[in-house]
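Results of the structural survey
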Amino acid sequence: MVIERKDMKAEVRERLRGGEGNTEILHLVNCEKEKNIRMLAEMTLQPGCSIGTHNHDSETEYYIILSGSGIINDNGADAPVKTGDVVITGGGSSHSLCNTGDVPLVLHAVIVTY
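Conventions used here
- Residues numbered from 1 in each chain as written.
- Predicted model: local features only at pLDDT ≥ 70, side-chain atom pairs only at ≥ 80, totals over all residues.
- Heavy atoms only, no water.
- Core = buried A, V, L, I, M, F, W, Y, C linked by side-chain atoms within 4.5 Å.
- Buried < 20%, exposed > 50% of the residue type's maximum accessible area, 1.4 Å probe, protein only.
- Helix = DSSP H or I, 4+ residues; strand = E, 2+ residues; numbered from the N terminus.
- Contact = heavy atoms within 4.5 Å.
- Pairing = 2+ DSSP bridges.
- Axes fitted to C-alpha atoms, helices over the stretch in contact; angles between N-to-C directions.
- Salt bridge = Lys/Arg side-chain N within 4 Å of Asp/Glu carboxyl O.

1. So, the nonpolar core
Among the nonpolar cores identified, the biggest contains 18 residues, and M43, Y63, L97 and L107 are the most heavily contacted of them. Taken together, the elements giving at least two residues each to this core come down to β3 (37-45), β5 (59-67) and β10 (105-113). Excluding anything up to four places from it in sequence, L97 contacts L45, C49, S50, I51, Y63, I71, I72, V81, L105 and L107.

2. What about the environment of R13?
By secondary structure assignment, the location of R13 is in strand β1 (residues 9-14). Through-space distance from the C-alpha of R13 to that of T23 is 5.2 Å; in sequence the pair is 10 residues apart. Those residues within four positions of R13 in sequence are excluded, and the remaining contacts are G21, N22, T23 and I25.

3. Focus: the sheet that holds strand β6 (residues 69-74)
Read across the open sheet, the 4 strands follow the order β4-β9-β6-β7; overall the sheet is antiparallel. This sheet does not close on itself; its edge strands, each paired only once, are β4 (50-55) and β7 (77-82). Across the sheet, the axes of successive neighbouring strands diverge by a mean angle of 15 degrees, strand direction being ignored. One ladder, built from 4 bridges, connects β6 with strand β9 (residues 94-98); its direction is antiparallel. What sits directly across from I71, in β9, is C98.

4. A few points about the side chain of T60
Within the element layout of this structure, T60 appears in strand β5. Relative accessible area serves as the criterion here: at 12%, T60 is assigned to the buried category. T60 has contacts with I88, T89, G90, V110, I111, V112 and Y114, leaving out every residue within four places of it along the chain.

5. A short note on the pattern of salt bridges
Within this structure, the stated rule accounts for 6 salt bridges. Here R5 and E42 are joined by a salt bridge, their closest N and O atoms 2.7 Å apart. One end of the pair, R5, is in the segment before β1; the other, E42, is in strand β3, with 37 residues separating them in the sequence. E42 sits in the buried class, given a relative accessible area of 16%. E20 is paired through a salt bridge with R15; the nearest N and O atoms lie 3.3 Å apart. Owing to a relative accessible area of 42%, R15 belongs among the partly exposed residues under this scheme.

This is the structure in structure tokens:
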């Protein structure tokens, strides 16, 4: 199966998970039709925008940083992220992400349930 980009659902979420600004989300697949995956999306955070702190119980979220840079708060500890990095959060852990750069921070977000 091939899903063309023009057929993917796009949305903008304001203050996602209590963060700042808007998060642009392009849903790469309809996860309601997929097993053990809650999200597979491309997300864009403009400079200064963020995704607020949230937990992942009974699931793991992967952020694959495609471009840009920022700060991830991983269970209370801040760490820089940049193009090519992967962030893994699961097992009840929490995280948040902020674009601290001057260009858009683009990532793929994958949430796998178990």
